[in-house]
Amino acid sequence: MSADEHLKRVRERLQAATETADRPIDTQLNSITAGVFEEQEGHLTQSEPGPKVDRIVEVAEKLDGLAEEASGETVDHILSARNHCLEYVEEGGGDEQPRTE
């Protein structure tokens with residue numbers, strides 16, 4: 001799966017999660033979705049276009065936290081989106097090398 005395809009799936013899963021989420025989870029999901037879109041379409045707003053690995057890792061970490069607050073079907077959608085973020089990074093997406101810790 002291409003890196004762009006992973007980010008597209010992230011946005012699809014986040015959209016599905018937003019549709020099943022309660023407030024304030026849905027508000028946070030909308031914010032994260034906007035951030036992912038901005039990373040993917042960064043050439044429109046950023047001087048350094050292309051998704052940044054550390055930003056996608058940050059999104060995955062935020063989704064982990066949200067999954068703990070959410071319930072039911074929403075959790076599945078959030079975790080699926082998080083997994084696509086991690087796969088994006090593992091497959092070398094972004095314009096930076098993954099951080100090694």
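This text follows the structure it describes.
Note that the coordinates shown come from a computational prediction; the quantities given were computed from them, not determined experimentally.

Definitions and cut-offs
- Every chain is numbered on its own, with residues counted from 1 as its sequence reads.
- Thresholds applied to this predicted model are a pLDDT of at least 70 for local features of residues and 80 or more for the giving and counting of side-chain atom pairs; totals over whole chains, interfaces and linings are not thresholded and use all residues.
- The basis for every side-chain value is the complete set of non-hydrogen atoms in the structure, without hydrogens or water.
- Here, a salt bridge means any side-chain nitrogen of Lys or Arg that lies within 4 Å of a carboxyl oxygen of Asp or Glu.
- Secondary structure elements are taken from DSSP: a helix is a run of H or I of four residues or more, a strand is a run of E of two residues or more, and numbering for both begins at the N terminus.
- Residue burial is assigned from relative accessible area. The probe radius is 1.4 Å, only protein chains are included, and a residue is buried under 20% of its type maximum, exposed over 50%, and partly exposed in between.
- Any two residues having at least one pair of non-hydrogen atoms within 4.5 Å are treated as being in contact.
- Axis definition: a line fit to C-alpha positions, over the contact stretch in the case of helices; interaxial angles, taken between N-to-C directions, run 0 to 180 degrees.
- By the definition adopted for this analysis, an angle is roughly parallel if under 35 degrees, roughly antiparallel if over 145, roughly perpendicular if from 65 to 115, and oblique otherwise.
- Here is the rule for handedness: rotate from the far helix to the near one, and if that takes an anticlockwise turn smaller than a right angle the crossing is left-handed, while a clockwise turn gives right-handed.
- Residues are grouped as follows: Ala, Val, Leu, Ile, Met, Phe, Trp, Tyr, Cys and Pro are nonpolar; Asp, Glu, Lys and Arg are charged; all remaining types, including Gly, are polar.
- The nonpolar core is taken to be a set of buried Ala, Val, Leu, Ile, Met, Phe, Trp, Tyr and Cys residues, with the residues joined through side-chain atoms within 4.5 Å.

Q: It is not clear to me how the pattern of salt bridges should be interpreted in this structure. Could you clarify?
A: For side chains bearing opposite charge, pairing can occur when the charged atoms are close. Tallying each qualifying case throughout the model produces 7 salt bridges. Of the charged contacts in the structure, one is a salt bridge between E12 and K8, with a shortest N-O distance of 3.9 Å. Of this pair, E12 and K8 both sit in helix 1 (residues 3–20), 4 residues apart, which is roughly one turn of the helix. Residue K8 is classed as partly exposed on the basis of its relative accessible area, which comes to 41%. A salt bridge links D64 to R82, with the shortest nitrogen-to-oxygen separation between them at 2.6 Å. Placement of the pair is D64 in helix 3 (residues 53–69) and R82 in helix 4 (residues 73–90), with a sequence separation of 18 residues.

Q: How should the environment of R55 be read in this particular structure?
A: Mapped onto the elements of the fold, R55 is located in helix 3. By relative accessible area, R55 is classed as partly exposed at 26%. Excluding residues within four positions of it along the chain, R55 makes contact with G35 and E39.

Q: Got a minute to help me understand the packing of helix 1 against helix 2 (residues 25–40) in this structure?
A: If you want to describe how two helices pack, look at the angle between their axes and the distance between the axes. Running from amino to carboxyl end, helix 1 crosses helix 2 at an angle of 165°, the nearest separation of the two axes being 9 Å. Compared by their axis directions, helix 1 and helix 2 come out roughly antiparallel. Crossing angle aside, the handedness with which helix 1 passes helix 2 is left-handed. Together, D4, L7, K8, V10, R11, L14, A17 and T18 of helix 1 and D26, L29, N30, I32, T33, V36, F37 and Q40 of helix 2 make up the contact between the two elements. In the contact of helix 1 with helix 2, the residues fall into 8 nonpolar, 4 polar and 4 charged.

Q: Help me out: how do you make sense of the packing of helix 2 against helix 3 in this one?
A: At their nearest, the axes of helix 2 and helix 3 sit 11 Å apart, and the two run at 165° to each other. Between helix 2 and helix 3, the crossing angle belongs to the class labelled roughly antiparallel. Remark: the crossing between helix 2 and helix 3 carries left-handed chirality. Where helix 2 approaches helix 3, its residues I25, Q28, L29, I32, G35, V36 and E39 are matched on the opposing element by R55, I56, V59, K62, L63, L66 and E69. Per-class residue counts for the contact of helix 2 with helix 3 are 8 nonpolar, 2 polar and 4 charged.

Q: When you look at the nonpolar core in this model, what are you seeing that I'm missing?
A: Proteins that are soluble and globular tend to have nonpolar side chains buried together. Counting 24 residues, the largest nonpolar core has L14, L29, L63 and I78 as its most contacted members. Secondary structure elements with two or more residues in this core: helix 1, helix 2, helix 3 and helix 4. With 8 residues, the single largest contributor to this core is helix 3. Sequence-distant contacts of I78, that is, excluding residues within four places in its chain, are made with A17, I25, L29, L63, L66, A67 and A70.

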